[in-house]
Amino acid sequence: MRVTNLTERSMEFTSNAFLVEPGEGESGRSVLVDAGSDESAFDGVDDVDALVLTHTHPDHVGAVEYVVSRYGVEVWAPDESYSNADHRLRDGDSVEMAGEEFTVLETPGHKDEHVCLYCETEGVLFSGDLVFPGGSFGRTDLGEGDGEVLVESIRKVLEYTEGKPLRELHAGHQPSVEGDVRRHVEASLRNAEAMV
Ligand SMILES: [Zn+2]
């Protein structure tokens, strides 16, 4: 599996948009995790099979219509009400990306309808705006934000991944981290607990 942050060089305000592709000699779907809001991030990207959204804040979905019309993909989102969604993501669903199975974890607190995606075989976590590398966490001062709910969601991720590999953290903002990334999530939990 290869994960590329397409918005790494963006000069516009956007979330990260990750392309999850099969590695050399592997097979599976090329899936975009969040669309971001910078259409130029897709220059040179020819192959996208599906779009999965962690949540539908504007910086994560600004380029959705562009992505849908360019690649003809269907959209999976945690909210029923989001007009560009073809499928609803629910807690415990599994989503195939790059031939690997990712589990959907409903993780509200930053926004009511928000999911993380975790692949046990690869130890990869897409955390959306729940937690960021370095111990920070998603804003709770927006419309549906709730600090206590956010803390519960971070605990849920740590409990779900307890005793399982956690080697890569790809969040909605900031560069990704690799290695022992559990400590990043644990730091986010401590810092979020201190806030509420
Ligand atoms: Zn957000």
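Residues numbered from 1 in each chain as written. Predicted model: local features only at pLDDT ≥ 70, side-chain atom pairs only at ≥ 80, totals over all residues. Heavy atoms only, no water.

A. Molecular detail of the sheet that holds strand E5 (residues 74–77). Here 6 strands make up an open sheet; going across it, the order is E1-E2-E3-E4-E5-E6 and the pairing mixed. The sheet terminates laterally at strand E1 (2–5) and strand E6 (87–88), the two strands that pair on one side only. (Pairing = 2+ DSSP bridges. Helix = DSSP H or I, 4+ residues; strand = E, 2+ residues; numbered from the N terminus.)

B. Representation of the environment of glutamate 148 in the model. In this structure, glutamate 148 sits in helix H3 (residues 147–161). Using a relative accessible area of 57% as the deciding quantity, one classes glutamate 148 as exposed. (Buried < 20%, exposed > 50% of the residue type's maximum accessible area, 1.4 Å probe, protein only.)

C. Looking closely at a negative patch on the surface. A cluster of acidic side chains, namely Glu159, Glu162, Asp180 and Glu186, defines a negative patch on the protein surface. Mapped onto the elements of the fold, glutamate 186 is located in helix H4 (residues 182–195). (Patch = residues over 30% accessible without salt bridge, like charges linked within 9 Å, V, L, I, M, F, W, Y side chains within 5 Å. Areas by Shrake-Rupley, 256 points an atom, 1.4 Å probe, with all protein chains shown as cover. Salt bridge = Lys/Arg side-chain N within 4 Å of Asp/Glu carboxyl O. Lys, Arg positive; Asp, Glu negative; His and termini not counted. Charge placed at Lys NZ, Arg CZ, Asp CG, Glu CD.)

D. Here's a closer look at the packing of H3 against H4. Running from N to C, H3 and H4 point in directions that differ by 155 degrees, and their axes come no closer than 9 Å. Judged on the interaxial angle alone, H4 and H3 are roughly antiparallel. Crossing angle aside, the handedness with which H3 passes H4 is left-handed. Along its contact with H3, which presents Gly147, Leu150, Val151, Ile154, Arg155, Leu158 and Thr161, the element H4 presents Arg182, Val185, Glu186, Ser188, Leu189, Ala192, Glu193 and Met195. Taken together, the residues that form the contact of H3 with H4 break down as 8 nonpolar, 3 polar and 4 charged. (Axes fitted to C-alpha atoms, helices over the stretch in contact; angles between N-to-C directions. Parallel < 35°, antiparallel > 145°, perpendicular 65-115°, else oblique. Left-handed = near helix turned anticlockwise from the far one by under 90°. Contact = heavy atoms within 4.5 Å. Nonpolar A, V, L, I, M, F, W, Y, C, P; charged D, E, K, R; others polar.)

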